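Listed here are the chains, written in short residue letters.
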Amino acid sequence: MDSQESERLACKVIVTIPYATPVVGVVFKPMVRVLGINSFQPPQHDITFTWYREQITCSVHHLKLATTQCMTCVALDMPVRESYFCSNQCFLDMWPQHKACHCRTIESVNKGSNNCYSLRGRLRRSGFWANSGIVSVFGESETLVEREGKTWIKVGSSKTYVPSMNDFGFCLMFESLAVDCSYGFPMSEIMSIMTDPVIIPPHPCPRRMIQIQHLKEYRNIAFESQSSNADTFSVLSYNILSDIYAYWSVHSKCPGWALAWEYRRENLLHEIIGYDADIICLQEVQSDHFENYFKPKLTKRGYSVTYKKKAMQLYTANQYISDGCATFFRHDRFKEITKYELEFDKTALSVIDRLEPGKRAQGQIRLKKGNIALVIILERVENGSSLGAFQPRICVANTHIHANPDFPDVKLYQVASLVNGLEKIAQSQIPLLVCGDMNSLPGSDPHKFLVTGRVYPVSKQERTDPLGIYRLLKLQHSIPLGILLQVSAYSSLLHSGRVNEDEEKKMNQETKEPLFTNLFGGYPATLDYIFHTERTIWRLKVFWSFWTLKVFKQALSRQPYPPPPQDPWHQAVPQS
């Protein structure tokens, strides 16, 4: 670089990659920043992007670059490195041995499948014989460059790149350069970064559903008739882990590529859709992912949706984002009657006002954590069958309680605030579902409050209740969510009498809940639940998963309902 070119370099390009291992079919998105050399703000510029793949060597002569590829290998999904040769003559010389590899692969496919027509079609299109089954690796427009003693082939010129099977097993290199807007001359040095070899994503392990039938034999509950026209529905609750919390330093046991949102979102959507639930309660749904991904994807599949995001936002990638709770429901089965958006920060204000004057400033900091709950009342939609004069309704609460274990008082306050408002809705004789990530262990004060209807938090008060808010909370309720009735989904599983020995080992015999629903930092814990009012349970299906995917069916009652309360959380928590 001469002195004149050096004078033009007014910018510095910084490139980072989210993880080192690209995955076939998953968008790989580096982060590129441009800084000024003499000032933080760079001069006006454009940025160029170039992707390269490590040039392939011959599968026979390993020191020679490949120029020819066997397309039959591609059609058979054989290892990509075995499909490359340094010349047509090299390929023809190896054809007898190479053809034998094709035959072994075909035999293997035939044994595993009764229908080989698609395979035969692919072979016809690719050409099974030596003279027709090869293709030149390079076209006339292919670009080769030398970098660090290796030859690389240009494969893309955009900021993002989606690796294909042609990239499997090979490293990628990304280059970025700042250039002058008018004349295109370089304004920075070329910044490049190389990845690890591209991998194929593993196939997700199939989930296993445990279905519990004939609960009537084990539960003293007034069951409705289990007839063919009973109104039943399925519910799924899932904390999907927002990308803003998916730090590798926190989830260090998980590979970086598996934490990447571009990889996880496809698997999450595939799994969620696979359960075919009538109601879906998701937690930690990032606001931009909701608008750009989940909402349009699930709307196309017949769902309506309501969403509530947290008030606190983070600035990232040139936008403000937050996470929240999303409740989807099939619009051919339900319609929304009423929606309540509960912000625990707002209900905390009346609690803070009743604190001692010297503790109110601390109360503002301690109690206001940004958590929310989304509560909707759904009504069954007429689908042609006779449902009588009154359409059945269900109230679905979806929440994510504060996570920090050092704030047990905040957890209890938020759960009490939610339940005390739901108690007013329950007075309308509407069945309740409470779904979400409670971030509370079985036996903790929030859990006891939910399942027993009251709690007396007095132990180690200086640590658990530094502000003295417990005396200001209404810590009893009359909603029938009692542990003696076993109406958490997992408790119903354990007490059904239909759990085999292996599954029973996964349950805590004292708390009646699973040993864990969450594996964070290598430490298992039970934090996620579905609770339901006990008189509506009909058939239960519980799904065992680290992420607490739960599906159960519930009968709807048919009766007239008084109008739901306008604001069940108005001064619902603080009581003398």
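Our structure's up above, just so we're on the same page.
Residues numbered from 1 in each chain as written. Predicted model: local features only at pLDDT ≥ 70, side-chain atom pairs only at ≥ 80, totals over all residues. Heavy atoms only, no water.

*Asks:* It is not clear to me how the packing of aromatic side chains should be interpreted in this structure. Could you clarify?
*Replies:* To describe a pair of aromatic rings, you give the distance between the ring centres and the angle between the ring planes. Here the structure, examined in full by the defined rule, presents 16 aromatic pairs. Here Tyr293 and Phe294 contribute two aromatic rings whose centre-to-centre distance is 5.3 Å and whose plane-to-plane angle is 85°, an arrangement assigned as edge-to-face. We note that Tyr293, like Phe294, is buried. Grouping aromatic residues by their ring pairs yields a cluster made of Tyr19, Phe28, Phe49, Trp51, Tyr161 and Phe174. (Phe/Tyr/Trp six-rings, centres within 6.5 Å; stacked < 30°, edge-to-face > 60°. Buried < 20%, exposed > 50% of the residue type's maximum accessible area, 1.4 Å probe, protein only.)

*Asks:* Help me understand the sheet that holds strand 13 (residues 279-286) in this model?
*Replies:* In sheet architecture, strand pairing relies on hydrogen bonds along the backbone and comes in two forms, parallel and antiparallel. An order of 12-13-17-14 is seen for the 4 strands of this open sheet, with the pairing classed as mixed. The open sheet has two edge strands with one neighbour each: strand 12 (235-239) and strand 14 (303-309). In this sheet, neighbouring strand axes are inclined to one another by 15° on average, regardless of whether the strands run parallel or antiparallel. Where strand 13 meets strand 17 (residues 323-330), 6 bridges bridge the pair, whose relative direction is antiparallel. From the neighbouring strand, Ile279 faces strand 17, where its bridge partner is Phe329. Sheet strands in contact with helix 7 (residues 261-275) are strand 12 and strand 13, and its direction is about 160° off that of strand 12. (Pairing = 2+ DSSP bridges. Helix = DSSP H or I, 4+ residues; strand = E, 2+ residues; numbered from the N terminus. Axes fitted to C-alpha atoms, helices over the stretch in contact; angles between N-to-C directions. Contact = heavy atoms within 4.5 Å.)

*Asks:* Can you walk me through the sheet that holds strand 3 (residues 46-54) in this structure?
*Replies:* Pairing in this open sheet of 5 strands is antiparallel, and the strands run 7-8-3-9-10 from one edge to the other. Looking at strand neighbours, the two that pair on one side only are strand 7 (144-147) and strand 10 (191-194), the edges of this open sheet. Each adjacent strand pair in this sheet contributes to an overall mean axis angle of 35°, direction not counted. Where strand 3 meets strand 8 (residues 150-156), 4 bridges bridge the pair, whose relative direction is antiparallel. Note that in strand 8 the partner of Tyr52 across the bridge is Lys154.

*Asks:* Could you clarify how one ought to interpret unusual backbone geometry in this entry?
*Replies:* Peptide bonds are trans in most cases, and residues, glycine excluded, mostly fall at negative phi. Even without being glycine, Leu241 reaches a positive phi, approximately 60°. Phi at Asn439 is positive, roughly 50°, even though this residue is not glycine. With respect to the helices and strands, Asn439 occurs in the loop between strand 21 (432-437) and helix 12 (445-452).

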